[in-house]
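Architecture and fold: a report
The lines below spell out each chain.
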Amino acid sequence: TGVYISELAEYLSRQGHDVVCLSAGRCDWRVRPYLAVTKAAPYEVIELRNPPIMAGSRPKNPRSHIECPVTESFLGEVLQRVRPAIVAIVDFPGWPASTVELCQQAGSRVLFYLQNFWPFCTRLSLHSRWHDICYDFQDGTRCVKCMETCISADAARWRNRIPKSVAGLSGIYGLLKRLY
C-alpha cells in the first residue's frame, strides 16, 4: 500500500473501524496468482500476488481489463471473508473494471478515488507514446497503436520477479525488456 492509503488505514483503524487493504501487487516465484495476507498493524493487507492483469503493460487479452474471471474469483473470496460495508477503491491497476460491480453485488457501498488514469488508459497517464496528451482514443484504435511499444504483460510479470540488484548485474532486466 502507498503512503497515503497506509496513513488513512491506520487513522481509520485507530478510530475503531475494521480496515483491510486489498491490492494487486508483486510477482514472485510461485508464478500462479494467490492471496497473501499480512498484518500491517493495526490493519490487515490482502495482496493478490502474480496478478493476471499487469499495470502499464500490453495485455494478452485487452478484454481482461473489463472482466477477468481469475481476478474476480479472488475478489469474491475476499469479499465473502471480509464482508465490507464500504469498499474504497484507491488504486485500481491490476483489477478489472468489473470490480466495482462485484463489490456492489456483494452488498458493499463503493467509494472510487482516482489516483491515476488506469480505467481509461493502460499506460496510466493519458500520455501517448508519441509524447502528447491523449484527447481522442479513436474508438480504441489509437490505444492499440500506442500500446504496441509497451512491454508485454508476460515479460513484465517475469521482470518483476527478479530482484533489481540481480537484474542490474546480470543484464537479465534488459533482456526481458527487449522481449516485448
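For the structure itself, look to the data block above.
Just so we're clear, the structure is a prediction, and the values are computed from it rather than from any experiment.

With respect to the element layout, P51 can be found in the loop between β3 (43–49) and α2 (69–82). On the basis of relative accessible area, P51 is assigned to the buried category, the value being 2%. Look past the residues within four positions of P51 in its chain and what remains in contact with it is A24, G25, R26, C27 and R157.

All right, on to the sheet that holds β3 then. Strands pair in a sheet through their backbones, by hydrogen bonds, and they do so in one of two ways: parallel or antiparallel. Read from one edge to the other, the open sheet built from three strands follows the order β1-β3-β2, with strand pairing classed as mixed. One side of each edge strand has no neighbouring strand; the edge strands of this open sheet are β1 (20–24) and β2 (34–40). Across this sheet, the average inter-strand angle for adjacent strands is 20 degrees, counted without regard to direction. With seven bridges joining them, β2 and β3 adopt antiparallel strand pairing. By the bridge assignment for β3, A36 is matched with E47. Running over the sheet, α2 touches β1, β2 and β3 and is turned about 160 degrees from β3.

This part takes up unusual backbone geometry. Positive phi, close to 70 degrees, is recorded for V31, a residue that is not glycine. Position of V31 relative to the elements: it lies in the loop between β1 and β2. With relative accessibility at 37%, the residue V31 sits in the partly exposed group. Although it is not a glycine, N50 sits at a positive phi angle of roughly 55 degrees. On the basis of relative accessible area, N50 is assigned to the buried category, the value being 1%.

Mapping S108 onto the fold places it in the loop between α3 (98–105) and β5 (109–112). For S108, the side chain forms a polar contact with the main-chain oxygen of P84, separated by 2.6 Å. Beyond its immediate stretch of four places on either side in the chain, S108 contacts L79, P84, A85, V87 and C103.

What follows covers the pairing of β5. Across four bridges, strand β4 (residues 86–89) lies against β5 in parallel orientation. Residue pairing across strands places I89 opposite F112, the latter belonging to β5. In this fold, the crossover linking β4 to β5 by way of α3 has right-handed handedness.

Reading the values: rules and limits
- Residues numbered from 1 in each chain as written.
- Predicted model: local features only at pLDDT ≥ 70, side-chain atom pairs only at ≥ 80, totals over all residues.
- Heavy atoms only, no water.
- Helix = DSSP H or I, 4+ residues; strand = E, 2+ residues; numbered from the N terminus.
- Buried < 20%, exposed > 50% of the residue type's maximum accessible area, 1.4 Å probe, protein only.
- Contact = heavy atoms within 4.5 Å.
- Pairing = 2+ DSSP bridges.
- Axes fitted to C-alpha atoms, helices over the stretch in contact; angles between N-to-C directions.
- Polar contact = N/O pair within 3.5 Å; in protein donor to acceptor, adjacent residues only side chain to side chain.
- Right-handed = clockwise from strand over helix to strand, strands pointing away.

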